[in-house]
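Overview (structure and organization)
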Amino acid sequence: MRLTIYILLFLLVLTGCSGESEDTIIPDKKISNSLTLTPVDLTKGEAAKLKPFLGTMSGAFKLKYEGEKPRANLDMDIWKNGEKVDFAGSIGDLFFSPEGQMENSTEIEVIISIDTVRIEEQKETCIVKISTGSGLATFTLPWNPELKGRGLIQHTETLTYTTDRPIPTFAMHATSSNQVFAGDFTEEALSKTDWALVFTVRFDE
């Protein structure tokens, strides 16, 4: 009788250990896809030497992805009287790496400069220059000379986003009233602008 009790206790102990072992198995965690935006101050460090060539309406930021390499585009949208009215251009495949560079580089630095120049017949044109590390792109947009006041909208702290929605990164807004307000990237803030050029990262599925 006593031997039977000992055998039963031994089997219970073995069963308990086996169950505990199965419960402690940790499955592999899936890597979530994300994009981190870090502002770059063009008045400090190595970047300061570029400021005289970029002008006052310029800014920079770094983009770093985690997980799978995204198919990301930097789109330019024009807002007028508080509404998005036009698509002004785009840089596709932001994380493209030219042959000879490290394929595992997950970070790029984007520098944007916006200026206006006077051309024939006393017309002004908006010139947008964008550097993504792998190249330089230039865009020409029509400009309304009545827009005298200008300001920038840009992030001031590092932020991390998921890659399932558009990410606003930088903007210049202008007004004919010479009264520029501080703003952000919310639709409520952009709805108060006379004119704005908004740079947004969008992802291909």
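Scroll up for the structure.
Nothing here was measured: the structure is a model prediction, and the numbers come from that model.

1. Some points on the sheet that holds strand β8 (residues 149-154)
- Taken in spatial order, the five strands make up an open sheet running β4-β3-β11-β10-β8, and their pairing is antiparallel. Two strands close off the open sheet at either side, each with one partner strand: β4 (83-91) and β8. Strand-to-strand, the axes of this sheet are offset by a mean angle of 20°, without reference to chain direction.
- Bridge count between β8 and strand β10 (residues 167-175): six bridges; the pairing is antiparallel. Pairing of R150 across the sheet is with A174, part of β10.

2. Topic: the packing of aromatic side chains
- Using the criterion set out here, one finds three aromatic pairs in the structure.
- Between W143 and W195, the aromatic rings sit 5.0 Å apart at their centres with planes inclined by 80°, giving edge-to-face as the arrangement. You can see W143 sitting in the loop between β7 (136-142) and β8 and its partner W195 sitting in strand β11 (residues 195-203), a full 52 residues away along the chain. Comparing W143 with W195 shows no difference in burial state: the two are buried.
- Ring centres 5.9 Å apart and planes at 55° place the aromatic pair F170 and F199 in the tilted group. Within this pair, whereas F170 is found in strand β10, its partner F199 is found in strand β11, the two being separated by 29 residues in sequence.
- Taking relative accessible area as the criterion, F199 reaches 0% and is therefore assigned buried.

3. Thoughts on the environment of V198
- Relative to the assigned elements, V198 resides in strand β11.
- Under the relative-accessibility criterion, V198 is labelled buried at 4%.
- Put simply, V198 and F87 are 111 residues apart on the chain and 9.8 Å apart in space, counted from C-alpha to C-alpha.

4. Description of the pattern of salt bridges
- The full count for this structure, using the stated rule, is three salt bridges.
- As a salt-bridge pair, R71 and D93 come within 3.2 Å of each other at their nearest N and O atoms. Separated by 22 residues along the polypeptide, R71 in the loop between β2 (58-66) and β3 (72-80) and D93 in the loop between β4 and β5 (107-118) bring together distant segments of the chain.
- Here R202 and D75 are joined by a salt bridge, their closest N and O atoms 3.1 Å apart. In this pair, R202 is assigned in strand β11 and D75 in strand β3, connecting sequence segments 127 residues apart.
- A residue is classified by how much of its surface remains accessible, and R202, at 24% relative accessible area, is partly exposed.

5. Observations concerning the sheet that holds β7
- What the six strands build is an open sheet, ordered β7-β6-β5-β2-β1-β9; its pairing is antiparallel. Each edge of the open sheet is held by one strand with a lone partner, namely β7 and β9 (159-162). Averaged over all neighbouring strand pairs, the angle between strand axes comes to 25°, with direction disregarded.
- Bridge count for β5 against strand β6 (residues 124-131) is eight bridges, and the pairing is antiparallel. Among the inter-strand pairings, I111 is bridged to a residue of β6, identified as S131.

6. Thoughts on the side chain of T175
- Looking at the secondary structure, you find T175 in strand β10.
- At 2.9 Å, the side chain of T175 forms a polar contact with the side chain of S177.
- When sequence neighbours within four positions are dropped, the list of residues in contact with T175 reads E146, L147, K148, G149, V180 and D194.

7. Overview of the environment of W79
- One can find W79 in strand β3.
- When its relative accessible area of 10% is taken as the criterion, W79 is described as buried.
- Each C-alpha atom, one on W79 and one on H173, is 8.7 Å from the other, the two residues being 94 residues apart in sequence.
- With residues up to four places along the chain from it excluded, the contact list for W79 reads K84, V85, E187, L190, D194, W195, A196 and V198.

What counts as what
Residues numbered from 1 in each chain as written. Predicted model: local features only at pLDDT ≥ 70, side-chain atom pairs only at ≥ 80, totals over all residues. Heavy atoms only, no water. Pairing = 2+ DSSP bridges. Helix = DSSP H or I, 4+ residues; strand = E, 2+ residues; numbered from the N terminus. Axes fitted to C-alpha atoms, helices over the stretch in contact; angles between N-to-C directions. Phe/Tyr/Trp six-rings, centres within 6.5 Å; stacked < 30°, edge-to-face > 60°. Buried < 20%, exposed > 50% of the residue type's maximum accessible area, 1.4 Å probe, protein only. Salt bridge = Lys/Arg side-chain N within 4 Å of Asp/Glu carboxyl O. Polar contact = N/O pair within 3.5 Å; in protein donor to acceptor, adjacent residues only side chain to side chain. Contact = heavy atoms within 4.5 Å.

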